[in-house]
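Descriptive analysis of the structure
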Amino acid sequence: ATTDVIVESAVFDPVSIRRTAFRYGLRSEASLRFEKGQESRLARVGADRTAQLLAEWAGGRVATGVVDTNPKDDEPKRVSFRPAKVSKLLGAEISPDDMKAALARVEIATEDGAEAGALIAVVPTHRRDIEIEEDVAEEVIRVIGYETLTPQLPDSGMPAYRPEPSLAINGLRDALAGRGLVEVLTNGLIAPQDHARLGLAADDRATIRVANPVTADHSELRRSMLPGLLGVLGRNERQRRDDIAIFEIGALHEWRDGGPAQSEVLAMLLAGNLRAASWAEPPRAASLADLKGIVDTIATRAHADRVDYQATQVRDGIEHPGRTAAVIAVTGDERTPLGRVFEIDPRLLAAFEVKAERVAFALIQLEPLRGLASRVPQVRRIETLPAFERDLAVVVGHDEPAADVERAIRSAAGPNLADLTLFDRYTGAPLTANEVSLAYRLRFQPTSEPLTEQQIDDSVARVTEALTRQVKGRIRSAG
């Protein structure tokens, strides 16, 4: 009973079709077709063909006139291209006439361009994929045939070598794992009470606070690695795992000079026994000396000659008095501060509900460590002259840092001192209660000519005089 039919035909916006199909997860043949873009004239062609079929098959009569929102057809695109540039892109010499003939086979006409040596490709409206000069080059070789091109490698040089930025950090991880430490990852966001336990005020301007924290326990960016590692220690103790050797490589954050600042650090923590008990030997508790040995290993891998440990100001309630030192890497005459090692104050351990009595902690800055590691190591020649060793025991006050004693020995021993090792520490009779005996082994290595006994004796005499003058020490024995 239908007598009147309105035919509507449209070309839909490709961006809108693709977004809608993606949003609803509805992919159809029509959406795939329209999201690639269609000619606007096809809407008119489709409507006219439908009206023709209705007239022929259903006996209808086509009314006069149409309503068209876009009565003008799109103009063919005109893409300028240079035959010389096309040949260069393809890596083969193709004449302009051959290019014109190839384009004509796919309904692309050519005209002379305004510039010398340039042509214009008149692209039909249904070829929406040709817009720039490179597209014309692709169309030319597609028609002529890729097999006509002679394969050849590009003549451009390879890019220069760039070192892998994570290689040094991964090597550091391997070294620490080789020393028996386990890597942990803690949250970079901590609670305000964690900073308060470290003596930082709640309104400290250097603390970076999260504007929309998920929880109060993760509302501030950490300024210290201590809360995270002490939290790991506490959780392990509650699981009856008291022997802990862990490290973490992470970032610290704070406001500095009016803006946020970030520093990468390495934190290490030792607690409990470093060596478990066995049938052959008793357990050995981890100590600050063990952590200093690990720091020495790290600095040696970074091409430092040695590490000095200097007494430094102690942060009350965090670092144990008398068991805190700054880490200084020595390379030649250059001294590079790396960080600090210390035993954690028992009051801080109690605040974090840690049961361990002694916990050693180290914090190493990675930026100066990278600076050391980036240097080219200097390989020393194998000495052919015999070396000489002398042992020297010096008695100093109980509060005299061993680093000052070592510094006095090195300053006076002369250029032939190749190595200095502290191998014994003694207290007791006949020393007083305020005295301690430190025994060092001095290794003298000549480089150009053999050393005489008199030269060795002169060096030891200078060392003795320096110890008396600089650290008020006296020689207990020498040999």
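All values derive from a computational prediction rather than experimental measurement.

**A short note on the nonpolar core**
Counting residues in hydrophobic clusters, the biggest one holds 32 residues, and the most contacted among them are L176, L266 and M268. For this core, the leading source of residues is helix 10 (residues 288–301), giving six residues. Non-local contacts of L176, meaning those with residues more than four positions away in its chain, are made with L181, F247, L266, M268, I294 and I298. Ranked by size, the runner-up nonpolar core spans 26 residues in total, among them V184, I244, I246 and F352.

**Quick look at the packing of aromatic side chains**
Scanning the entire structure with this criterion turns up two aromatic pairs. Taken together, a centroid distance of 5.2 Å and an interplanar angle of 85 degrees make the contact between F12 and F34 edge-to-face. Of this pair, F12 sits in the segment before helix 1 (14–24) while F34 is found in helix 2 (residues 29–34), placing the two residues 22 residues apart along the sequence. Accessibility expressed as a relative area gives 44% for F12, which makes it partly exposed. Seen in terms of ring centroids, F342 and F361 are 5.4 Å apart; in terms of plane orientation they differ by 45 degrees. Their pairing is tilted. You can see F342 sitting in strand 13 (residues 334–344) and its partner F361 sitting in strand 14 (residues 359–365), a full 19 residues away along the chain. The residues F342 and F361 share a single accessibility class, namely buried. In this structure, R197 packs its charged tip against the face of F352, placed 4.7 Å from the ring centre. Looking at K292, its charged tip hangs above the ring of Y309, at a distance of 4.6 Å from the centre.

**Some details on the sheet that holds strand 3 (residues 119–123)**
Read from one edge of the open sheet, three strands run 1-3-2, paired in antiparallel fashion. Edge strands, defined here as strands with exactly one partner in the open sheet, are strand 1 (77–81) and strand 2 (109–112). With direction set aside, neighbouring strand axes in the sheet form an average angle of 30 degrees.

**Considerations on the pattern of salt bridges**
A full pass over the atoms with the stated rule returns 38 salt bridges. When the shortest N-O distance is used, the salt bridge between R347 and D316 registers 3.1 Å. Taken as a pair, R347 in helix 11 (residues 346–351) and D316 in the loop between strand 11 (306–311) and strand 12 (319–331) lie far apart in primary sequence, 31 residues in all. The burial state of R347 is the same as that of D316; both residues are exposed. E389 serves as the salt-bridge partner of R443, at 3.1 Å between the closest nitrogen and oxygen. Of this pair, R443 sits in strand 17 (residues 435–444) while E389 sits in strand 15 (residues 388–397), and the two are 54 residues apart along the sequence. Of the residues examined, E389 reaches a relative accessible area of 46% and is grouped as partly exposed.

Conventions adopted
Residues numbered from 1 in each chain as written. Predicted model: local features only at pLDDT ≥ 70, side-chain atom pairs only at ≥ 80, totals over all residues. Heavy atoms only, no water. Core = buried A, V, L, I, M, F, W, Y, C linked by side-chain atoms within 4.5 Å. Buried < 20%, exposed > 50% of the residue type's maximum accessible area, 1.4 Å probe, protein only. Helix = DSSP H or I, 4+ residues; strand = E, 2+ residues; numbered from the N terminus. Contact = heavy atoms within 4.5 Å. Phe/Tyr/Trp six-rings, centres within 6.5 Å; stacked < 30°, edge-to-face > 60°. Lys NZ or Arg CZ within 6 Å of the ring centre and 35° of its normal. Pairing = 2+ DSSP bridges. Axes fitted to C-alpha atoms, helices over the stretch in contact; angles between N-to-C directions. Salt bridge = Lys/Arg side-chain N within 4 Å of Asp/Glu carboxyl O.

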